[in-house]
Amino acid sequence: MEVGDEFEKTVGERIRALRIRRGLTLDGLAEVSGVSRAMISRIERAEASPTAALLARLCAALGVSLSVFFSSDEEEGGPLARRRDQPVWRDPESGYLRRAVSPAGTGSGTDIIEIDFPARAEVRFPGHLSGRSQTQHVWVFDGTIELEVGDGVHRLEAGDCLFMNVADVKAYRNPTDRPARYAVVIALGP
């Protein structure tokens, strides 16, 4: 998936396909995700572009990581993911740019994501129990970010790395006037 005009259509088709594959109605997905039926319907019809937090809730309810969501069913597995072929998505609310670095279709239980996070941006995530089996490391390359995890806030600068359970993450924010760049390494549980 590339940043651009086709994003809403592609996301909508993918959400609908995963929902149907799991035997969920719109009402069923709304109940397990906490996202309104109306919003899910608008996303599936490409009338709305989901934010990062909303997409994370839908993916958790559908039992897929964001990296799996962004990979194509048609992609063949292989050990190499060239930068030019890595799916990229921009969050319409915060403007952060997400690049799925991990090769698709390998069956690995690890996802690697590169994030370019704009100055003063923030993304809030409501915790969800379906993320309980996923852990992640956040490793900062450039700039500064703050992560709200559980009841604490961690300020990370270049070179710092923080480990946490995905379900405990409440917010990512860039408190500075400079963009930040970091990696998220997610280990998928059983």
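Values in this document were obtained by computation on a predicted structure and should not be read as measured data. (Residues numbered from 1 in each chain as written. Predicted model: local features only at pLDDT ≥ 70, side-chain atom pairs only at ≥ 80, totals over all residues. Heavy atoms only, no water.)

Engineer: What is the right way to look at the sheet that holds strand β2 (residues 97–100) in this model?
Structural biologist: Strands in a sheet are paired, the pairing made by backbone hydrogen bonds, and the direction either parallel or antiparallel. If you walk across this open sheet you meet the six strands as β1-β2-β3-β10-β5-β8, and the pairing is antiparallel. Single-partner strands in this sheet number two, and they are β1 (88–90) and β8 (161–165). Going across the sheet, the axis of each strand differs from the next one's by a mean of 20°, ignoring polarity. Judged from the eight bridges that link them, strand β5 (residues 134–142) and strand β10 (residues 180–188) form a sheet pairing that is antiparallel. (Pairing = 2+ DSSP bridges. Helix = DSSP H or I, 4+ residues; strand = E, 2+ residues; numbered from the N terminus. Axes fitted to C-alpha atoms, helices over the stretch in contact; angles between N-to-C directions.)

Engineer: Can you walk me through unusual backbone geometry in this structure?
Structural biologist: Phi is mostly negative for residues that are not glycine, and the peptide bonds are mostly trans. Unusually for a residue other than glycine, A46 sits at a positive phi of about 60°. Relative to the helices and strands, A46 is located in the loop between α3 (37–44) and α4 (52–62). Classification of A46 by relative accessible area gives partly exposed; the value is 32%. (Buried < 20%, exposed > 50% of the residue type's maximum accessible area, 1.4 Å probe, protein only.)

Engineer: In this structure, what is going on with the pattern of salt bridges? I would like to understand it.
Structural biologist: Close approach of charged atoms allows side chains with opposite charge to pair. Enumeration according to the criterion identifies 17 salt bridges in this entry. Between R181 and D142 there is a salt bridge, with its nearest N and O atoms 3.5 Å apart. Within this pair, whereas R181 is found in strand β10, its partner D142 is found in strand β5, the two being separated by 39 residues in sequence. Residue R173 is joined to E148 by a salt bridge in which the shortest nitrogen-to-oxygen separation is 2.9 Å. Of this pair, R173 sits in strand β9 (residues 169–173) while E148 sits in strand β6 (residues 144–149), and the two are 25 residues apart along the sequence. (Salt bridge = Lys/Arg side-chain N within 4 Å of Asp/Glu carboxyl O.)

So far we have only geometry, and geometry alone does not tell us how the molecule works.
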